[in-house]
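In case you want the letters, here they are:
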Amino acid sequence: MMSAEIFFITTAIDYTNAPPHIGHAYEKVLADVIARWHRDRGRPVFFLTGVDQHGQKVQQSAERAGVPPAEFAREITAKFKALWVKLGIANDGWAETTDLRHVAAVQDVLRQLHDQGDLYKARHSGHYSVRQEQFLTDKERNEQGEFGPEWGEVVFLEEENWYFRLSKYRPWLAEYLAAHPEFVTPAFRGTELANAVAKEAGDLCISRPKSRLAWGIELPFDRDYVTYVWFDALMNYATFAGYRARDGAGLPDFESLWPCDAHVIGKDILVPAHGIYWPVMLKAAGIEAMPKLLVHGWWNLGGAKVSKSAGNIIDPDVLADRYGTDALRYYLMRDIATGQDADFNEDRLRTRYQADLANDLGNLVNRTVSMAHRYRGGVLAEVGVTDAEAFALRELGIEAARNFDTAMEDGFRVHAALESAWLLITAANAHVEKSAPWKLAKDPAEAARLDGVLVALVEAARLASALVHPVIPAAADTLLEQLGFSGDLSTQWGRVRAGHRLGQAAPVFPRLESQES
RNA sequence: GCCAGGGUAGCUCAGCGGUAGAGCAGGGGACUCAUAAGCCCUUGGUCGGGAGUUCGAUUCUCCCCCCUGGCACCA
């Protein structure tokens, strides 16, 4: 009953019409880092991610590939799952929208909304592109007022569809946003959303006739239709958290998870999907507790948006192979301010790896472990803080740990958190130079001081490793193992006990070969 | 067009009311435990332009200029 509140975090589910790129990877790593950070601090976490498998583009891509949509979606899904394993994404739940448990819950919600009068059927007529399979609006007309050749054959079509009474809930949403500035992080995205809500009008079309799109969840009250995108995709955050799940379905207990503490999404799907449709859907379904959104920016390439059509896709799988999972995770977290855009640059990745991971952190641990072995046979004496410099390092370590957590709590500013960890790492490296253990080792009268220096360095290296663990989990585990603190993720200073034995030193971040890649 | 973000050292970017910051790159130095890593010192900026508020503005307000997005189912 009084168990610690579970931190529930999700990512957008990825669309299975094409393989993953760097943007997908960034989002999952960001969510994973936040999840791991909570776990490392002892808070229970439920981390949900997954794939969106239905819809028109999947159906089209499948047709082009000459396979059934289910099979096509399954193949792409496998690529996503494999990449998440490779990148160390430690999700607790996995959402696939073709999952029958999801389908049943979605249909149940649709049935309720239908019963309570929130859905209605209406006839729409207009210009329709056969090639793009969508209705066109005046926005698609060119300067001459015509639909361009990119739309192919355009016909006038009349079609009946089901609509959700979004407009009915708009006043409620506007009020909710005004009263809950914490709904969206960062704040400026909240402003953007509020502006959009003020302009939003009309209802939401939520169906497609099966004659036009068969690959979707059937409307339980009108079997000629499937539900289109929103109720299918957005509901995943609730259905895979156990919403309306049957006993024994193998899903979590919804009551203990909801509301979601962070829906990690890209800036492109805040308005209108997650910022408008999603809260209104929840409200209509009778869920009062609203989730929170964490909206991240994009990785651009040379200032240009990454897109398939521009042909500048960056393959995270290749990067992970080339530099290692942790190096890629570190770069993705360090070189972007959460919420902002950044420019992806492989040279920067290499520089970050070399300077930060190999030279600063890796070398700190390596030289520390090495000296402990060389001067003390790998066993430390228990020594309190003996001199002013060691005391200053300890103070700095305590401050770094505090600042790390503050940065994470305050808008999930991972880049700032890492910066504070690196202040400690840099200070520890400086401490080596200032105390010059190699000199102390030559003077038996300085034995106690040498003990103190080694203890302080091990403490600092251990604390730094524990702090960065959420970002570079595998490497941090190895660093801690070398320091003789396997699995100790405490962010307290003062873990060394008398007789503490260190592991063996070995470079955790080998220098990059000078190469053109 | 509307809305938003960005314009800060050669490069990539933090900061956002109180004498301009980091990393990388460049220059110099002392050292040797270590992945020839690390440490110390250092060159370098009228913080896009203009006006205003203020004792004081890179930081707030207004105007303008450039770039990038969102407003259309691409993280």
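All figures in this text were calculated on a predicted structure; none of them were measured in a lab. (Residues numbered from 1 in each chain as written. Chains lettered and ligands numbered in written order. Predicted model: local features only at pLDDT ≥ 70, side-chain atom pairs only at ≥ 80, totals over all residues. Heavy atoms only, no water.)

Chemist: Requested: an account of the protein's contact with RNA strand B, with residues and values cited.
Modeler: Around RNA strand B sit 53 residues, and of these Glu27, Tyr228, Asn363, Arg367 and Glu433 come closest. Within 4 Å of the protein, atoms of RNA strand B come from sugar and phosphate in 66% of cases. Here a base nitrogen of RNA strand B and a backbone polar atom of Gly23 are 3.5 Å apart. Measuring from a sugar or linking oxygen of RNA strand B, one finds a side-chain N or O atom of Asn363 at 2.7 Å. Residue assignment for the surface near RNA strand B shows that the elements contributing at least two residues are α1 (22-40), α6 (187-199), β13 (262-266), α13 (346-376) and α15 (414-435). No other element matches the 13 residues that α13 contributes to the surface near RNA strand B. Class assignment for the residues of the surface near RNA strand B results in 22 nonpolar, 16 polar and 15 charged. (Near = heavy atom within 4 Å. Polar contact = N/O pair within 3.5 Å; in protein donor to acceptor, adjacent residues only side chain to side chain. Helix = DSSP H or I, 4+ residues; strand = E, 2+ residues; numbered from the N terminus. Nonpolar A, V, L, I, M, F, W, Y, C, P; charged D, E, K, R; others polar.)

Chemist: Could you give me a rundown of helix α10 (residues 270-285), with the residues and numbers involved?
Modeler: Of all bends in α10, the biggest is about 30°, found at Tyr277, and the proline Pro279 comes one to four residues later. For α10, the buried fraction is high: 13 of the 16 residues fall into the buried class. Downstream of α10 by one or two residues, Gly286 has phi in the positive range, about 100°. (Bend = angle between axes of the 7 residues up to and from the residue. Buried < 20%, exposed > 50% of the residue type's maximum accessible area, 1.4 Å probe, protein only.)

Chemist: Give me the lowdown on the domain arrangement of chain A, citing residues and values where you can.
Modeler: Splitting chain A by domain gives domain 1 (7-296) and domain 2 (345-515). The straight-line distance from the C-alpha centre of domain 1 to that of domain 2 is 44 Å. At the interface, 11 residues of domain 1 touch 15 residues of domain 2. Across the interface of domain 1 and domain 2, roughly 1,100 Å² is buried in total on both sides, 71% from carbon and sulfur atoms. Among the residues domain 1 hides against domain 2, the three largest losses belong to Trp37, Asp40 and Arg41. Together they make up 51% of the total. Along the contact surface separating domain 1 from domain 2 lie 1 salt bridge. One salt bridge connects Asp405 with Arg41, and the closest N-O pair in it is separated by 3.0 Å. On the surface where domain 1 and domain 2 come into contact, there are 3 residue pairs in polar contact (both at pLDDT 80 or more). Grouping the amino acids of the side of domain 1 that touches domain 2 by side-chain chemistry returns 7 nonpolar, 1 polar and 3 charged. (Domains from an automatic or database assignment. Contact = heavy atoms within 4.5 Å. Buried area = accessible area lost by both parts, 1.4 Å probe. Salt bridge = Lys/Arg side-chain N within 4 Å of Asp/Glu carboxyl O.)

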